[in-house]
Amino acid sequence: MSSGRSGGADTAVPPNRPADLARYVAAATMARSADGGAVVAVVLMVTVSGAPGWLAGLLGACVTAPHLLGPFVARRLDTARDGRTVIAAACVAHGATLAAAVLVFPHVPAVVTGLLLIASGLVGPLLTGGISSRLPAIAGPDRTAQRRAQGWDVATYGLGGTVGPAIVAAVSAWASPTAAALLLAAATALAAILVRMLPWAPPPGAPSEVPRPARTLLLMLASGPLRRTLYMTVTVAFALAALPITAVASVGVAAALAGVLTAAYGLGNLAGSAVVMIRPLRGDADHLMTRLGLVVAVALGGVALAPGFSPAVVAYFVTGVLNAHFFAATLAARSEFAPARARGQVFVWIGAVKITAGSAGTALAGALIGVGGRLPLVLSVTVVTLVSLVSALDRRTRGTAHRSGPAAT
């Protein structure tokens, strides 16, 4: 019988291996750093070239907008004999098209660069939610082990969102934005190698049994826990997107200090993920999301009411810690409630709408900031609180219906 690490494997490697988790963390961090840093590299590259700002924004959007189509390429994760190959190929494709885009930019019409960046962004969701779908095969069936591993996963997202742009900024200052983008491309190639070294997991079923993207979405909406995971994730992502925009206006500090507030939030995320690794979340993931959503709303209220810079730093940090716990709960819900035959699609669907919600939240916060510095945060607190209460009512109503249905017959 072949080993579980070969492409033609027909048996899974025993779970809970620290080496596998280390490879996962390294692969996920590099892939997500590339995904998070690509748009920064592209915008800097276009800006440095002297091209107009609108072109920089447009080409940057070519990297992020295709994430919306992620669910329509994610089905391959659930139909492939070896999902590792799909993710590794996505890493290579992301890096190759990004490298090609930045290398040809000065020599071809901008539309060619845009098309290459769209191709790069199209596989981006497989580097985020797609990789997360491999985690259960590493952590094994034990819920505590899975939730500890999800703490590591939350950390890779946090690192990817901070390390990627930081590397781009540093390399751009030392060399050029093009060199920074090429470094990100190299990171995805290395991530592809590490992904192939992760344990093999059997496919969930025959391709004919795997639902298509639209059907998967309907299944998610019909499932109470997955439906709540979807709209709670969207709501919190929408609300937290206001934080960078309101970093200055909400506390009345100099713009130069806004980066400190954003960094405090990022450090809080990492600290929160470390807490989840040491002390995994306990209890039902569905209930946890609602409770943690309300706690995040309270933390956002603390940010809005912070009377000065130092209290604001603390409030941003605490918000980051609590969001890490909320994010870990959503990962647990995806893993525990997703149907086996659509697990990969569920991860990517929720990841795609989360990115969309974050973009919408940023845009709305930017539009409202001129009306009142605290208004975006007030709106965020209100929305998260209301949707968390809706989640609790949704669960109670569905639970009552289920109890009165079968019990009565």
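Look a little higher up for the structure.
Residues numbered from 1 in each chain as written. Predicted model: local features only at pLDDT ≥ 70, side-chain atom pairs only at ≥ 80, totals over all residues. Heavy atoms only, no water.

**Q** So what exactly am I meant to see when it comes to the overall build of the protein here?
**A** Assigned secondary structure in the protein consists of 18 helices and 0 strands. In summary, the protein has a C-alpha radius of gyration of 21 Å against a globular reference of 22 Å for 409 residues, a match within 12%. C-alpha extents for the protein along the principal axes are approximately 65 × 50 × 35 Å. Residue pairs in contact within the protein that sit at least 24 positions apart in sequence constitute 82% of those at least 6 positions apart. For the protein, the exposed surface amounts to about 16500 Å²; the carbon and sulfur share of it is 72%. Separation between the mean location of the 29 positive side-chain charges and that of the 12 negative ones in the protein comes to 4 Å. (Helix = DSSP H or I, 4+ residues; strand = E, 2+ residues; numbered from the N terminus. Rg over C-alpha atoms; globule rule 2.2 N^0.38 Å. Contact = heavy atoms within 4.5 Å. Areas by Shrake-Rupley, 256 points an atom, 1.4 Å probe, with all protein chains shown as cover. Lys, Arg positive; Asp, Glu negative; His and termini not counted. Charge placed at Lys NZ, Arg CZ, Asp CG, Glu CD.)

**Q** Can you help me understand helix α14 (residues 258-278) in this one?
**A** Residues spaced three or four apart along an α-helix point in a common direction, a consequence of the helix completing one turn every 3.6 residues. Look at α14: 31 Å from first C-alpha to last across 21 residues, which is about the 30 Å you get at 1.5 Å a residue. Buried residues of α14: Ala258, Leu261, Ala264, Tyr265, Gly266, Gly268, Asn269, Gly272, Ser273, Val276 and Met277, and no others. Next to the buried residues of α14 lie α9 (143-174), α12 (224-240), α13 (242-246) and α16 (309-337). (Expected span 1.5 Å × (residues − 1). Buried < 20%, exposed > 50% of the residue type's maximum accessible area, 1.4 Å probe, protein only.)

**Q** Would you explain the packing of helix α11 (residues 213-222) against helix α17 (residues 343-368) in this entry?
**A** Helix-helix packing is described using two parameters, namely the angle between the two axes and the distance between the axes. Where α11 contacts α17, the two axes come as close as 10 Å, and the packing angle between them is 80°. In this view, α11 runs roughly perpendicular relative to α17, as classed from their interaxial angle. On α17, the residues that touch Pro213, Thr216, Leu217 and Met220 of α11 are Gln345, Val346, Trp349 and Ile350. Looking at side-chain class alone, the contact of α11 with α17 contains 6 nonpolar, 2 polar and no charged residues. (Axes fitted to C-alpha atoms, helices over the stretch in contact; angles between N-to-C directions. Parallel < 35°, antiparallel > 145°, perpendicular 65-115°, else oblique. Nonpolar A, V, L, I, M, F, W, Y, C, P; charged D, E, K, R; others polar.)

**Q** Looking at this structure, I do not really get the packing of α14 against α16. What am I missing?
**A** At their nearest, the axes of α14 and α16 sit 6 Å apart, and the two run at 40° to each other. Relative to α16, the element α14 is oriented oblique. In this structure, α14 crosses over α16, and the sense of that crossing is right-handed. Of the residues in α16, those touching α14 at Val260, Leu261, Ala264, Tyr265, Leu267, Gly268, Asn269, Ala271, Gly272, Ser273, Val275 and Val276 are Phe309, Ala312, Val313, Tyr316, Phe317, Thr319, Gly320, Val321, Asn323, Ala324, His325 and Ala328. In terms of residue class, the contact of α14 with α16 is built from 16 nonpolar, 8 polar and no charged. (Left-handed = near helix turned anticlockwise from the far one by under 90°.)

**Q** Can you walk me through helix α10 (residues 177-196) in this structure?
**A** Under the 1.5 Å per step criterion, the end-to-end length of α10 is 29 Å for 20 residues, consistent within 8% with the ideal 28 Å. By the burial criterion, the buried members of α10 are Pro177, Ala180, Ala181, Leu184, Ala185, Ala187, Thr188, Ala191, Ala192, Leu194 and Val195. Looking at the buried positions of α10, the neighbouring elements they touch are α1 (18-48), α4 (83-104), α6 (124-127) and α9.

**Q** What exactly am I supposed to notice about the layout of surface pockets here?
**A** It is the rolling of a water-molecule-sized probe over the atoms that shows where space remains empty. If you add up the space inside the largest pocket, you get close to 1600 Å³. Considering the residues around the largest pocket, the lining is formed by 45 residues, among which Tyr157, Gly161, Tyr265, Lys354 and Ile355 are closest to the centre. Residue assignment for the lining of the largest pocket shows that the elements contributing at least two residues are α1, α2 (53-64), α9, α12, α13, α14, α16 and α17. The space that makes up the second largest pocket amounts to roughly 380 Å³. (1 Å grid on protein atoms, 1.4 Å probe; cavity = no way out; pocket = protein on both sides within 12 Å on 5 of 7 lines; lining within 4 Å. Points joined across faces, edges and corners; volume = space filled by probe spheres on them.)

**Q** I would appreciate a short explanation of empty space enclosed by the protein in the present structure.
**A** Tallied over the full model, the rule gives 2 cavities of 30 Å³ or more. Along its surface, the largest cavity is lined by Ser132, Leu135, Pro136, Ala139, Gln146, Gln150, Asp153, Leu331, Ser335 and Phe347. Every element with two or more residues in the lining of the largest cavity is listed here: α8 (135-139), α9 and α16. Across the lining of the largest cavity, the residue classes break down as 5 nonpolar, 4 polar and 1 charged. Approximately 50 Å³ is the volume attributed to the second largest cavity. Together, Phe238, Ala239, Ala242, Gly361, Leu364, Ala365, Leu368, Pro376, Leu379 and Ser380 line the second largest cavity. Those elements that provide at least two residues to the lining of the second largest cavity are α12, α17 and α18 (375-408). Sorting elements by how many residues they give to the lining of the second largest cavity places α17 first, with 4 residues. Here the residues of the lining of the second largest cavity sort into 8 nonpolar, 2 polar and no charged.

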